[in-house]
Amino acid sequence: MPRPQYVAAIDQGTTSSRCMVFDQDGRIVSVAQREHRQIFPRPGWVEHDAAEIWEAVQGVVADAVTGSGIDFAQLVALGITNQRETTVLWDRHTGRPVANAIVWQDTRTDALVRSLSEHEELFRERAGLPLATYFAGPKIRWLLDETPGLRERAERGDVLFGTVDSWLIWRLTGRHVTDVTNASRTMLMNLRTLSWDDELLAALGVPRAMLPEIRPSAEVYGTADGGVPVAAALGDQQAALFGQTCFGPGETKSTYGSGSFLLMNTGTEPVASKHGLLTTVGYQIGEAPATYALEGSIAVTGSLVQWLRDNLGLISSAAEIETLAGTVEDNGGCYFVPAFSGLFAPHWRSDARGVIAGLTGFVTKGHIARAVLEATAWQTREVVDAMNADAGLALTSLRADGGMTANNLLMQILADVLAVPVVRPMVSETTCLGAAYAAGLATGYWPDTDSLRANWHKAAEWRPKIGQDVRDSEYRNWRKAIERSLDWSTP
Amino acid sequence: MGETIQSVERAAGILRLLASGPRELGVAELARAMGLPKGTLHGILRTLVHVGFVEQDAATGRYRLGGTLLHLGSSYLDVNELRTRSLNWADALAGRSRESVWIGTAHEGGVLVVHHVFRPDDSMQVLQVGTLLPAHATALGKVLLAYDPYGDAGAAFDAPSGTTPQATATATRGDEPAAEGLPAFTPRTITGADDLAKELELVRGRGWACDVEELVEGEVSIAAPIRDGRGVTVGAIGVRGAVERLADDGEPHITIVSYVRDAARAITRDLSR
């Protein structure tokens with residue numbers, strides 16, 4: 001009898017690296033995880049040591065494979081998903097990073113990004129991205145400007161750039177490539193041609209010689225030691241979209257962590273947002289046309305629950321928010337806008353700050369807890385409304401994943417507020433699963449996306465329970481609370 | 001209201017006084033506050049110290065609340081915390097067994113469903129979180145009764161079985177209470193106190209429970225205990241499904257039992273971290 005075969009996925013995240021091994025039904029066979037250091041050299045700066053990350057990744061792959069009692073010969077493919085936008089520069093000859101990686105959260109490029117404002121329309125139109133400190137292009141520019149001699153070495157092609165996918169593939173296979181989804185977060189790639197754009201490169205002052213080759217998300221990039229094909233790379237949110245099998249236009253996933261990320265599949269044409277979302281590549285399978293997505297991010301969702309725990313001490317664990325919110329029937333007229341560092345999609349108001357509106361003597365901590373959960377739901381609603389308007393599609397159900405899906409009350413409130421069913425999938429590790437799926441498709445482990453859809457199962461479903469009149473009046477109140485949060489901070 | 005026990009009331013009074021401020025209290029102060037002779041208090045205090053509810057300062061001889069008592073108050077595990085910690089294991093169990101997964105805690109003599117994972121076959125299913133199931137007719141309930149830290153299996157007899165705190169009742173109320181007092185849902189429901197005691201003994205002996213068509217005809221449930229770091233049973237996890245898939249000749253399939261026990265052990269390990 002032939003030995004069973006498996007697919008492994010590396011999830012290189014912001015705080016840790018994980019490796020998961022999956023079987024043909026998409027079930028988790030084993031998991032390993034290692035954390036790495038967060039380096040904070042100055043306020044607003046966040047760095048990682050790329051060499052340390054590479055060691056952690058090798059460690060978790062070995063742990064996940066040997067820990068499950070299988071050997072490398074049983075692995076038919078290895079996929080990669082990664083923290084997006086984090087920027088690594090390394091020496092082509094020594095293989096060593098030339099500086100610490102600049103992490104997506106790092107805001108050191110703030111002034112640099114503001115100085116690019118004359119090109120705002122160019123970036124929006126070609127790259128689909130607003131000017132913001134997250135993206136990789138300005139981080140490359142910063143390193144080239146601040147490190148003596150680096151620009152010359154980069155122009156000669158002696159110093160290479162990569163997002164984390166690229167760094168790992170280079171270490172694993174020796175090839176300098178990146179996938180379209182990661183490339184779409186650099187501000188350097190033309191969304192339509194899926195290639196580096198000379199005008200964007202010129203605007204940012206980044207030499208072409210240091211850039212990786214852009215490849216599809218699913219194809220065999222090369223083989224790692226032990227002969228395992230490295231066969232997929234996807235940014236983490238795109239991997240979650242893929243793991244949730246959102247393969248049709250209009251299909252949408254939302255990942256609930258500290259912040260939340262919604263991605264809607266918009267098909268094979270990029271949709272320019274008029275409502276404050278960004279346009280990104282969802283995935284590209286082999287030589288097939290790329291699938292695009294609209295993305296809306298919400299800065300504060302799960303972290304508001306943590307704030308309630310750590311800063312107010314109203315609960316002792318995040319899960320208790322549901323218990324506290326369950327002590328009351330409704331929000332008691334109170335609304336919580338967590339605009340701690342301004343409002344993101346779709347408002348983009350940096351002058352906003354958090355407010356709790358509608359307070360009366362009647363309001364208890366239970367009402368506040370409820371308002372905290374509703375804040376996540378209403379913020380989701382605003383992004384969904386923007387997506388529907390941009391894409392000309394109507395959301396018919398929301399596929400939710402991430403840690404907050406354990407909160408049944410939140411899931412019910414989401415369904416009530418969105419007026420569509422909210423579904424939690426059986427495998428909540430959709431990020432890893434998405435990378436495994438893409439790698440398995442590239443190597444024929446799974447024949448097509450239909451076979452992946454067959455693996456997707458509902459673990460739970462919440463249906464809307466409130467009437468349209470209640471929904472409408474609550475939404476009006478939420479918008480009034482949003483109004484109250486504006487024009488607070490003066491720069 | 002029936003008769004109360006005076007010494008228990010006095011013990012409660014001492015605990016309240018000790019809890020009322022940060023200061024330790026001496027026997028004389030306690031006696032004055034309660035209007036009782038010191039000799040009476042000595043006996044009660046000695047007993048409270050013995051069970052760990054009160055501690056005596058070795059240097060001053062004064063009294064304060066004991067660590068055991070503080071621990072009692074915090075031993076309660078939030079059901080939403082339990083769900084959060086169980087989520088991945090419950091999904092894995094549903095994936096392996098290909099059946100719906102249920103987690104329950106003891107609530108008013110019944111079983112409160114705190115987590116429910118759909119059977120992975122994409123059939124129409126409705127989330128049953130918040131439903132109250134009868135303890136004596138379900139595997140979850142038998143586990144909770146068998147490992148009740150207060151040994152309060154008799155609670156099943158007082159339970160408002162089949163009622164639900166949050167609507168969505170699936171468990172049908174028994175037609176007629178049997179002579180012994182436990183409602184029957186099918187001809188196979190255990191209704192006698194002795195029979196139930198024997199069944200719970202069996203559950204304790206093998207570490208898991210099953211119900212074979214005892215709540216719903218044609219359905220079987222299998223469950224095992226979830227324990228916290230101190231070994232106290234805080235919940236039960238199990239699967240429920242069609243008798244054709246889960247049992248042969250009234251005996252549940254041992255592979256499914258092992259999946260359920262694996263999941264229960266994994267959550268128990270997680271909770272003791």
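These figures come from a predicted structure and were not determined experimentally.

Caption draft 1: Inspection of the overall build of chain A at higher detail. Of the regular secondary structure elements, chain A holds 16 helices and 23 strands. Computed over C-alpha atoms, the radius of gyration of chain A comes to 22 Å, within 12% of the 23 Å expected from 2.2 N^0.38 for 491 residues, which places it in the range of a compact globule. The principal-axis extents of the C-alpha atoms in chain A amount to approximately 70 × 60 × 40 Å. The proportion of buried residues among the 491 residues of chain A is 63%. Counting contacts in chain A only where the partners sit at least 6 residues apart, residues at least 24 apart contribute 71% of the total. Counting only carbon and sulfur atoms, one obtains 49% of the accessible surface of chain A, whose full area is about 18,200 Å². Of the side chains in chain A, 43 bear a positive and 57 a negative charge, and the two mean positions are spaced by 1 Å.

Caption draft 2: Examining the packing of helix H5 (residues 79-97) of chain B against helix H10 (residues 254-271) of chain B more closely. Residues and elements named next belong to chain B. One can describe the packing of H5 onto H10 by two numbers: an axis separation of 10 Å at closest approach and a directional angle of 160°. With respect to H10, the element H5 is oriented roughly antiparallel. Read as a crossing pair, H5 and H10 show a hand that is right-handed. Residues Leu82, Arg85, Ser86, Trp89, Leu93, Arg96 and Ser97 of H5 form the contact with H10, whose participating residues are Ile256, Tyr259, Val260, Asp262, Ala263, Ala266, Ile267, Asp270 and Leu271. Residues belonging to the contact of H5 with H10 are distributed by class as follows: 10 nonpolar, two polar and four charged.

Caption draft 3: Spotlight on the pairing of strand E18 (residues 291-298) of chain A. All names here are of chain A. Across the eight residues that make up E18, a large majority, eight, are buried. Here E18 shows two buried faces, one formed by Thr291, Ala293, Glu295 and Ser297 and the other by Tyr292, Leu294, Gly296 and Ile298. Looking at chain direction, strand E16 (residues 260-267) and E18 are connected through seven bridges and run antiparallel. Considered in E18, the bridge of Leu263 is made with Glu295. The pairing of strand E17 (residues 278-283) with E18 spans five bridges and is classified as antiparallel. Note on E18: the bridge partner recorded for Thr279 is Leu294.

Caption draft 4: Representation of the interface of chain B and chain A within the structure. The interface is formed by 23 residues belonging to chain B together with 24 residues belonging to chain A. Of the roughly 1,800 Å² buried at the junction of chain B and chain A (both faces included), carbon and sulfur atoms supply 47%. Linking chain B with chain A are three salt bridges. Put simply, Arg424 of chain A and Asp91 of chain B hold a salt bridge, and the shortest N to O gap is 2.9 Å. Inspection of the region where chain B meets chain A yields 11 residue pairs in polar contact (both at pLDDT 80 or more). Looking at the side of chain B that touches chain A, the elements with two or more residues in it are H5 and strand E4 (110-117) of chain B. With 10 residues, the top contributor of residues to the side of chain B that touches chain A is H5 of chain B. Here the side of chain B that touches chain A is built from residues that sort into nine nonpolar, six polar and eight charged.

Caption draft 5: A look at the sheet that holds strand E8 (residues 233-242) of chain B. Residues and elements named next belong to chain B. Strand order in the open sheet formed by six strands is E5-E4-E3-E8-E7-E6, with antiparallel pairing between adjacent strands. Each end of this open sheet is capped by a strand with a single partner; those strands are strand E5 (132-133) and strand E6 (209-212). When strand E3 (residues 100-107) meets E8, the two strands line up antiparallel, connected through five bridges. Following the sheet pairing, Ser100 is matched in E8 by Arg240.

Caption draft 6: Summary view of the side chain of Glu295 of chain A. All names here are of chain A. Structurally, Glu295 can be placed in strand E18. For Glu295, a relative accessible area of 4% gives the class buried. Polar contacts involving the side chain of Glu295 include one to the side chain of Arg84, which spans 2.8 Å. A distance of 3.0 Å separates the side chain of Glu295 from the side chain of Arg185, its partner in a polar contact.

Caption draft 7: Up close: the nonpolar core. Residues and elements named next belong to chain A. Within the largest apolar cluster, 61 residues are counted, with the highest numbers of intra-cluster contacts made by Ile321, Val337, Leu398, Leu414 and Val422. Counting residues per element, this core draws most heavily on helix H12 (residues 365-391), which supplies 12 residues. With 42 residues, the next largest nonpolar core counts Leu116, Val159, Val206 and Leu278 among its residues.

Caption draft 8: Structural context of the confidence of the model for chain B. Residue and element names in this part refer to chain B. Per-residue pLDDT for chain B averages 84, and the proportion of residues at 70 or more is 84%. Note that residues 160-179 has pLDDT below 50 and, in this model, 38 contacts with residues that lie over four places away or in other chains. Both scores are given for the predicted complex: the pTM is 0.81, the ipTM 0.81.

Caption draft 9: Inspection of the environment of Glu85 of chain A at higher detail. Looking at the secondary structure, you find Glu85 of chain A in the loop between strand E5 (75-82) and strand E6 (87-91). Among the polar contacts listed, one links the side chain of Glu85 of chain A to the side chain of Arg185 of chain A, at a separation of 2.8 Å.

Caption draft 10: Focus on the environment of Glu199 of chain A. Residues and elements named next belong to chain A. For Glu199, the location among the structural elements is in helix H8 (residues 198-204). Considering only alpha carbons, one finds Glu199 and Leu373, 174 residues apart in sequence, at a separation of 44 Å. Ignoring sequence-local partners within four residues, the contact set of Glu199 consists of Leu122 and Arg126.

Caption draft 11: Geometry of the state of the cysteines. Residues and elements named next belong to chain A. Tallied over the full model, the rule gives zero disulfides over all chains. With no disulfide of its own, Cys432 lies closest to Cys19 among cysteine sulfurs, the gap being 7.3 Å. A relative accessible area of 0% means that Cys432 is categorised as buried.

Conventions adopted
Numbering of residues starts from 1 in each chain and follows the order in which that chain's sequence is written. Written order determines the labels here, with chains lettered from A and ligands numbered from 1. Totals for whole chains, interfaces and linings use all residues, but because this is a predicted model, local features are given only for residues with pLDDT of at least 70 and pairs of side-chain atoms are given and counted only at 80 or more. To get the side-chain values, all heavy atoms of the structure are used, and hydrogens and water are removed first. Each helix is a run of H or I in the DSSP string that is no shorter than four residues. Each strand is a run of E no shorter than two, and both are numbered from the N terminus. Two things to know: the radius of gyration comes from C-alpha atoms, and the globule rule equals 2.2 Å times the number of residues to the power 0.38. Classification of residues uses two cut-offs on accessible area relative to the type maximum, computed with a 1.4 Å probe and protein chains only: under 20% is buried, over 50% is exposed, and between them is partly exposed. A contact between two residues is defined here by any heavy atoms of the two lying within 4.5 Å. Here the accessible surface of atoms and residues is derived via Shrake-Rupley with a 1.4 Å probe, and residues count as covered only by protein chains that are part of the display. When charges are counted, neither His nor the chain ends are considered; positive counts come from Lys and Arg and negative counts from Asp and Glu. We put the charge of a Lys on NZ, of an Arg on CZ, of an Asp on CG and of a Glu on CD. The axes used here are C-alpha line fits, helices contributing only the stretch in contact, and every angle between their N-to-C directions lies in the interval 0 to 180 degrees. Each angle is binned into one of four classes, with values under 35 degrees roughly parallel, values over 145 roughly antiparallel, values of 65 to 115 roughly perpendicular, and all other values oblique. In a left-handed crossing the near helix is turned counterclockwise from the far helix by less than a right angle, and in a right-handed crossing that turn is clockwise. When residue character is reported, Ala, Val, Leu, Ile, Met, Phe, Trp, Tyr, Cys and Pro are called nonpolar, Asp, Glu, Lys and Arg charged, and the others, Gly included, polar. Only strands joined by at least two bridges in the DSSP assignment are considered to pair. For any pair of parts, buried area is found by adding up, for both, the accessible area (1.4 Å probe) each one loses once the two are put together. Any carboxyl oxygen of Asp or Glu within 4 Å of a side-chain nitrogen of Lys or Arg constitutes a salt bridge here. As used in this structure description, the phrase polar contact means that two N or O atoms lie within 3.5 Å; if the pair is within protein, one of them must be able to donate a hydrogen and the other to accept it, and residues adjacent in sequence are counted only when both atoms belong to side chains. We call a set of buried Ala, Val, Leu, Ile, Met, Phe, Trp, Tyr and Cys residues a nonpolar core when their side-chain atoms join them within 4.5 Å. A score between 0 and 100, pLDDT records how confident the predictor is in each residue. In plain terms, two cysteine sulfur atoms within 2.5 Å form what is called a disulfide here.

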